[in-house]
Amino acid sequence: MSITRRKVLAGSAAAAGAASLASGLASPAIAANEPLRIGFLPALTGPSSSTGVAMNRGTLLAVDEINAAGGVNGRKIEIIVRDTQSDATKAVNAIAELTSRQKVAMIWGPLNSGETLAATPLCARAGIPMIHPCWVDTLIDVKKYPMSFRSAPTNEQIGEAANHYVMDVLKAKKVAVIGDNAGYATATVAAYVPLLKKKGGTVVYEGNVDAANPDLKPELLRMRDGGAEAIMPWSVNAGFLARILNTRAAMGWDVPVVGQTTLGSGQTKALLDKPENWAKVYSNNFKNCCYAGDGKLPALAADFRGRIAKAKIDMNDTLLWWIACGYDAPKLIAETVKAAGDSPKDITAYLNKLKNWPGINATLTFTPEQHNGVPDAEVVMCQANSLKDGAFNLAPGYGA
Amino acid sequence: MLESIVSYGLAVGAVYAMIGITYNVMFTASRAFSFTAGMLGMLGGVLGALFIDRLGLPAIVGLLLVLACGAVMGVITEIVAVRPVLKSIEQHLYVLSTLAFALLIAQFTAIEWGTDAAPFPRLIPIGEGLLDQKFWIPMLACAVTVVGLELLYRKTLIGRAFLAIAEDAYAARALGLPEVRLRLASFALAGMIGSLAGFAGGEMLLAFFGNQSILNFYGFVPVALGGMGNNRGALVAGLLLGLFQQAANFLVGGIFASVAVFVVFIIVLLLRPEGFAGASGARRV
Amino acid sequence: MHLRWLEGRLTFLLLAIAAVGLPLLDDSYAGVIATRACIYWILISGLNLVVGYAGQIAIGWVALLTLGAYTTAVLTAGTVTPEISPYIALVASGAIGVVAGVIVGLPALRLRTFYFAMTTLGFATIVTQIALAWKSVTGGGIGTPGPVFPWPFAPGWGFYYFCLILAALCTWMTANIASSRFGRSLIAIRDAEVAAEASGVAKPALLVTVFVFSGALAGVSGGLFSSLQSYITPDAFTFDLSVLFFIAILIGGRGSILGPLLGTILLTVLPEIAAPLVAWSTFLYAALLLLIVLLIPGGIADMLDYRNRRPLQQHREIVPQPALLPSLLDRPAGGALELSNIALAFGGVRAIDGLSLDFHSGEVHGLIGPNGSGKTTTLNVISGYYHPQTGQARLNGATLPFGAPHRRAGFRIARTFQTPRLIGGASVLENVMIGGTIDGRGTFAESLLTLPRHRRDERMLRERALQALTVVGLETLAGVRADRLQHSELRFMEIARALTLRPAFLMLDEPAAGLSAEEIRRLGALIKAISRAGTGVLLVEHHADLIFDICDRVTVLNLGKILAAGTPAEIRSHREVVSAYLGA
């Protein structure tokens, strides 16, 4: 068969494509003044991106502050951002690139559980430590993934905090639990119902509904008929949550709604028929980021808020704890590397001994057996309609 | 409960029926099914929210602007995605070109407008509960569309010209009918109907870029069941679909309701590929 | 004679070398991307047969990826069943893929293009919903971990080689099918369904076979996908993936193996290179698809097809060689085909009203009449496309069943069409080889693996087709794309295709339309020679001279009834025929 010019061209194009993919910058050994590379995998676009956008702001603020103050032992932090687009496939690709080609010292993220579930094993295989703020319980496993840490509460902690508020503070025994049919919601509803029952509660309604369903009245009617004294919605879909609140108002049913953080978000607020529909709604939050009884934020958070304002970060459409969470991680990473060096073993050893690290979002503690860093007591409920400058009042009845 | 099923069912069914009619109008003009019907519905909702909520225009002005945008979208669809393909031998390419175009617009909307569902403004402050205007606006819009189309096709010259080019394009051209201009007008009309559907249904479906795929499918079911090009069939099938979907949501709930709709759809199509009221295909040899 | 897929052999080789040598670059990121490309290609190579070759618009194929992924993941996780080896789980995924492929594909047999596309979309949504709802098995929204393959195919480069081997295998197998009579039949169904039926291609059986094979590949691909991802949740199987699969094939070009392969690599690598554009990636995919459809419907394969851009010789002449016919049609004579008392009405229109006709081996029987008199309809009745209300067709006394046009080839009844039905994108030789499809003995599986019987079939068909082309005088154009031929050459090509069946009966529908006077003369000589070699010819024509020149008998139709029948001389002077049709 004759070898024509075209065939050589086509073949070369293919080979060149493969080569260009493979050729990264040759990375020399990390010398003393090389930048400290941290990989960051937020979901800046796609369906689950509102948290990502907010955390990104906090992260970039932290990196700017650290670098302005001289960096880590003289090394500047270089944060390499890869937008996962809320897609686990892209998260896997990005982890591979960051660990193998960019040679990052540590990974911060991904920010959504679905992506982190896929990214963790790969990161572990690459031998790079990782810290993330995702809630799904199974993400942390000290035996399988000894270098993976969590800077957020687990789903179980969130559920326990909400259940505690409903049953112990509001004294409601009959509860309705509802979610949409996205991944997070189905798993969460299934996990929290047994927790409620263990506490002695009666679950009079348990269901997952299509988020696009315009009519939630049949569901709420069923809840009311069952005698529900509280509704606990678990969903990150603002439209779905807003519909629940609007339907509750349309029915004239004065039952407290206690559930997912998104209940208190600006998106949910925008979809309410009337502002009054936001009354008696309590969502998850962090003690460190809430207005206490005296109407003031804890000192660290207040100070942080000042710095955010100076950096001209828009607080209108976002929550303080998201930005704080995004801020804490690079701060922690910088401190760790400063104290222990940037090898995976040293970073892991240092984090395993971390005790009461004063994060703005949460006070973190790790041990070799426990990589979930947030203490139970700091996971609280807040009052949704008290949203002011991205933070909320603690829900009534806590007494602290 | 029953009243809830009836109000929501008929209202959302009216929206589906109108999207089905959008498909039909594009089909009768070009013998091609376009994937853009759902996109037009989605734009009706998104643009309506944009004009009335964000830009603060009065509802009527918003409606007229939305209809105008719909017409423009319809025309662009015809020029970009349908006409070039009709000329080629491979007729089914229109499936791909219209799919590509619809995806393009949907992605653009997702990026510019955002991926979350945004609220749609309350159009007329009358009605309470199940008699709220958000239920009977879609039904009204649907009725106006159906009656309007009947009158157009049967009583006006231009309507009969539409039917002529649908029936036999060559003969119509031979008679001197301006085929291209008529097809453009048909697509503009379809664009208006589609965006009207999205606008009328906005309060229920919200301004959400994901409505495109929802409406694409649920708007197609009335066409499949009612017969291609058959508007009355689409109307009946659309309303029935709305009622069935709401009843399933209520009785079975959540995931299984949508599965139920799909399964029924596929079974019906397999039993009667031309739909309940459709005619079998023409000679192909 | 080279068929198109062979052209890219050098490219395949270069790709293979680049792929095998990839680990030398010591970049596990490239490894992940390359593994992903291999996994996608395994699925796309199968889908290519469905979309690119059979022309079915199966958009929701991600459903099969989902099913395959969950099957492997669940079986290896040991939560629902005892832990199963990942290799066996992979086979199970393939089996599930087969079942799902048939379920998704069956509607294709009954539904039009757009409807079928919609049902595939619906199916994809159902599968995702089921994955979400069936928490006890799939883990619901949380998902489930994917399998880890043991050494030597452990995660990393080992797994990459595993996927690469499978991808290479799929490339080889689908390329084999593409250059077999199954591949040609698929394209025939896509572009010239009526001609495919006339050549004996049974669409349902073939489509189901392709859906089975394609489904198996997709299922296996899903299993591998779940291993690459380490963890799968329902959200990972987006509509965007379906679009990606689909676009890879379209960009690559339908009817090609190399094109979609390059398309797959392109679409997997592109988002990684264009990082800032990542938010716009689906937008760009859609734009790319639109551009391809409008500007280069043939895709990359067409762009690479330089050979078919070489100018053809001008002023070509068609010089048939009827003397070669006896060696081609070397089989016993057929007998007689007769219609008795056929009546066929479409709604209120009586297309044929009590028609009795017969023609037998060795004769040329002309069928003439004004437009609308029922000539083509008569042919279509004999071909089996129409079911008359009354009357029978008989072949040597045995009844010919109506409504089963693809069985006619088995009776050695061949035909040409009023408008030439051709596969524009295939070569003239491939078009003609379709005529002999039913004489292939090998099964789909044998073609998949190029076992000896497949090779024998191909050799036989190619020889016969070349012979037929030589007989009609087109052998110099054998390798040319059929859509580059002139109209008259297409008419002769159709005759060559019919001859490849070695027909006992040949029906020609206005073969002289659009031919020059000299070409008509040669056509006439050819037709006469065909009949003298033993085939019975029924010739529908408007060219009176041709009819009277070569026909042994002539029947005249008017308004669905026989106006007159007899020898050419009798007909020429028949008063009513002259007044109704011939003119003075």
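Residues numbered from 1 in each chain as written. Chains lettered and ligands numbered in written order. Predicted model: local features only at pLDDT ≥ 70, side-chain atom pairs only at ≥ 80, totals over all residues. Heavy atoms only, no water.

## Things to note about the overall build of chain B
Here comes step 1: Within chain B, the regular secondary structure consists of 12 helices and 0 strands.
Here comes step 2: Along the chain direction, N to C, the helices and strands of chain B fall in the order α-α-α-α-α-α-α-α-α-α-α-α.
Here comes step 3: Taken over the C-alpha trace, chain B has a radius of gyration of 18 Å; the compact-globule value for 285 residues is 19 Å, and the two agree within 12%.
Here comes step 4: Counting only C-alpha atoms, chain B reaches 55 × 45 × 40 Å along its principal axes. (Helix = DSSP H or I, 4+ residues; strand = E, 2+ residues; numbered from the N terminus. Rg over C-alpha atoms; globule rule 2.2 N^0.38 Å.)

## Concerning the interface of chain B and chain A
Here comes step 1: In this complex, chain B contributes 17 residues to the contact, which on the side of chain A involves 19 residues.
Here comes step 2: Here chain B packs against chain A, burying approximately 1400 Å² in sum over the two surfaces, 57% of which is carbon and sulfur.
Here comes step 3: At the boundary of chain B with chain A, the tally comes to 0 salt bridges.
Here comes step 4: Put simply, the parts of the chain that give the side of chain B that touches chain A at least two residues each are helix 1 (2-30), helix 11 (231-251) and helix 12 (254-271) of chain B.
Here comes step 5: Looking at the side of chain B that touches chain A residue by residue, the class counts come to 10 nonpolar, 6 polar and 1 charged. (Contact = heavy atoms within 4.5 Å. Buried area = accessible area lost by both parts, 1.4 Å probe. Salt bridge = Lys/Arg side-chain N within 4 Å of Asp/Glu carboxyl O. Nonpolar A, V, L, I, M, F, W, Y, C, P; charged D, E, K, R; others polar.)

## Here's the deal with the side chain of C:Arg408
All names here are of chain C.
Here comes step 1: Relative to the helices and strands, Arg-408 resides in the loop between strand 7 (398-399) and strand 8 (413-415).
Here comes step 2: Buried within the structure, Arg-408 lacks any salt-bridge partner; its nearest side chain of opposite charge belongs to Glu-197, at an N-O separation of 11 Å.
Here comes step 3: If near-sequence neighbours (up to four positions away) are discounted, Arg-408 is found in contact with Val-381, Ile-382, Ser-383, Gly-384, Leu-400, Pro-401, Phe-402 and Ile-413. (Buried < 20%, exposed > 50% of the residue type's maximum accessible area, 1.4 Å probe, protein only. Lys, Arg positive; Asp, Glu negative; His and termini not counted.)

## Examining the confidence of the model for chain C
Residues and elements named next belong to chain C.
Here comes step 1: Per-residue pLDDT for chain C averages 88, and the proportion of residues at 70 or more is 98%.
Here comes step 2: The secondary-structure element of chain C with the lowest mean pLDDT is helix 1 (residues 4-7), recorded at 51, while helix 11 (residues 203-229) shows the highest, at 95.
Here comes step 3: The ipTM, which scores confidence in the relative placement of chains, is 0.82 for this predicted complex, and the corresponding pTM is 0.87. (pLDDT = per-residue confidence, 0-100.)

## Side note on the sheet that holds strand 12 (residues 561-566) of chain C
Residues and elements named next belong to chain C.
Here comes step 1: Overall, mixed pairing links the 6 strands, which are arranged 8-9-10-5-11-12 in an open sheet. The open sheet has two free edges, formed respectively by strand 8 and strand 12, since each of these has just one partner strand. Going from strand to strand, the sheet's axes swing by 20° on average, the running direction of each strand aside.
Here comes step 2: In the sheet, strand 8 pairs with strand 9 (residues 505-509) via 3 bridges, with the strands oriented parallel. Opposite Ala-414, over in strand 9, you have Leu-506 as the bridge partner.
Here comes step 3: Here helix 17 (residues 375-383) sits on the sheet in contact with strand 5 (364-368), strand 8, strand 9, strand 10 (536-540) and strand 11 (553-558), set at roughly 150° to strand 9. (Pairing = 2+ DSSP bridges. Axes fitted to C-alpha atoms, helices over the stretch in contact; angles between N-to-C directions.)

## Notes on the nonpolar core
Here comes step 1: Counting residues in each nonpolar core, the largest one holds 200 residues, and the members touching the most others are B:Phe35, B:Phe220, C:Trp61 and C:Leu224.
Here comes step 2: Each of domain 1 (28-236) and domain 2 (322-582) of chain C gives at least three residues to this core.
Here comes step 3: If we skip the residues at most four places from it in the chain, B:Phe220 touches B:Tyr23, B:Phe33, B:Leu215, B:Phe265, C:Phe114, C:Tyr115 and C:Met118.
Here comes step 4: Of all hydrophobic cores here, the second largest spans 81 residues; its members include A:Trp108, A:Tyr165, A:Val193 and A:Ala301. (Core = buried A, V, L, I, M, F, W, Y, C linked by side-chain atoms within 4.5 Å. Domains from an automatic or database assignment.)

## Remarks on the environment of A:Thr318
Here comes step 1: Tracing the backbone shows A:Thr318 in the loop between helix 10 (299-310) and helix 11 (320-340).
Here comes step 2: Dropping the residues within four chain positions of it, A:Thr318 is found in contact with A:Ala54, A:Arg57, A:Ile323 and A:Gly390.

## Section: a nonpolar patch on the surface
Here comes step 1: Taken together, B:Ile124, B:Trp136, B:Leu140 and B:Val144 make up a surface patch of nonpolar side chains, about 360 Å² in accessible area.
Here comes step 2: Positionally, B:Trp136 belongs in helix 5 (residues 133-155). (Patch = residues over 30% accessible without salt bridge, like charges linked within 9 Å, V, L, I, M, F, W, Y side chains within 5 Å. Areas by Shrake-Rupley, 256 points an atom, 1.4 Å probe, with all protein chains shown as cover.)

## Overview of the interface of chain B and chain C
Here comes step 1: Contacts between the two partners involve 46 residues from chain B and, on the opposite side, 45 residues from chain C.
Here comes step 2: At the boundary of chain B with chain C, total buried surface from both sides reaches about 4100 Å², with 77% on carbon and sulfur atoms.
Here comes step 3: Scanning the region where chain B abuts chain C turns up 0 salt bridges.
Here comes step 4: Seen at the junction of chain B and chain C, the total is 1 residue pair in polar contact (both at pLDDT 80 or more).
Here comes step 5: Looking at the side of chain B that touches chain C, the elements with two or more residues in it are helix 3 (59-86), helix 4 (93-113), helix 10 (211-226) and helix 12 of chain B.
Here comes step 6: Examining the composition of the side of chain B that touches chain C, we find that 13 residues originate from one element, helix 4 of chain B, more than from any other. (Polar contact = N/O pair within 3.5 Å; in protein donor to acceptor, adjacent residues only side chain to side chain.)

## Here's the deal with helix 4 of chain B
Residues and elements named next belong to chain B.
Here comes step 1: With 21 residues, helix 4 should cover 30 Å at 1.5 Å per step; its first-to-last C-alpha distance of 30 Å lies within 8% of that length.
Here comes step 2: With 18 of its 21 residues buried, helix 4 lies for the most part within the structure.
Here comes step 3: Looking one or two places after helix 4, you find Gly-114, whose phi comes out positive at around 110°. (Expected span 1.5 Å × (residues − 1).)

## Focus on the packing of helix 2 (residues 9-21) of chain C against helix 13 (residues 258-273) of chain C
All names here are of chain C.
Here comes step 1: Axis separation between helix 2 and helix 13 bottoms out at 11 Å; the angle between their running directions is 35°. Relative to helix 13, the crossing made by helix 2 is left-handed. Along the contact surface, helix 2 presents Thr-11, Phe-12 and Leu-15, while helix 13 presents Leu-258, Leu-261, Leu-262 and Ile-265.
Here comes step 2: A per-class count over the contact of helix 2 with helix 13 returns 6 nonpolar, 1 polar and no charged. (Left-handed = near helix turned anticlockwise from the far one by under 90°.)

## Some words on the side chain of A:Asp83
All names here are of chain A.
Here comes step 1: With respect to the helices, strands and loops of the structure, Asp-83 is situated in the loop between strand 2 (77-81) and helix 3 (88-101).
Here comes step 2: There is a polar contact of 2.9 Å between the side chain of Asp-83 and the backbone nitrogen of Leu-44.
Here comes step 3: From its side chain, Asp-83 meets the backbone nitrogen of Gln-85 in a polar contact 2.8 Å long.

## Here's the deal with helix 3 (residues 28-53) of chain C
Residue and element names in this part refer to chain C.
Here comes step 1: In this model, helix 3 (26 residues) spans 35 Å end to end at C-alpha, consistent with the 38 Å of a helix rising 1.5 Å per residue.
Here comes step 2: Along its length, helix 3 shows its largest kink, about 40°, at Leu-47.
Here comes step 3: Within helix 3, 25 of the 26 residues are buried, which leaves it mostly tucked inside the rest of the structure.
Here comes step 4: Residue Gly-55 follows helix 3 closely and has a positive phi angle near 75°. (Bend = angle between axes of the 7 residues up to and from the residue.)

## Section: the sheet that holds strand 3 (residues 336-346) of chain C
All names here are of chain C.
Here comes step 1: Spatial ordering of the open sheet is given by 4-3-6-7, a layout of 4 strands whose pairing is antiparallel. Each edge of the open sheet carries a strand with a single partner, namely strand 4 (349-360) and strand 7.
Here comes step 2: In the sheet, strand 3 pairs with strand 6 (residues 390-395) via 5 bridges, with the strands oriented antiparallel. Across the sheet, residue Glu-338 finds its bridge partner in strand 6, namely Arg-394.

## Comments concerning the environment of A:Thr51
Here comes step 1: Within the secondary structure, A:Thr51 is located in helix 2 (residues 50-68).
Here comes step 2: Those residues within four positions of A:Thr51 in sequence are excluded, and the remaining contacts are A:Asn112 and A:Trp322.

## Looking at the pairing of strand 5 of chain C
The side chains of a regular strand alternate between both faces of the sheet.
All names here are of chain C.
Here comes step 1: Of all the 5 residues making up strand 5, 5 are buried; the element is thus mostly covered by neighbouring parts of the structure.
Here comes step 2: Of the two faces of strand 5, the one carrying Val-364, Gly-366 and Ile-368 and the one carrying His-365 and Leu-367 are both buried.
Here comes step 3: Pairing analysis gives 4 bridges linking strand 5 to strand 10, with the strands arranged parallel. Paired with Val-364 across the strands is Val-537, a residue of strand 10.
Here comes step 4: Bridge count for strand 5 against strand 11 is 4 bridges, and the pairing is parallel. From the neighbouring strand, Gly-366 faces strand 11, where its bridge partner is Val-554.

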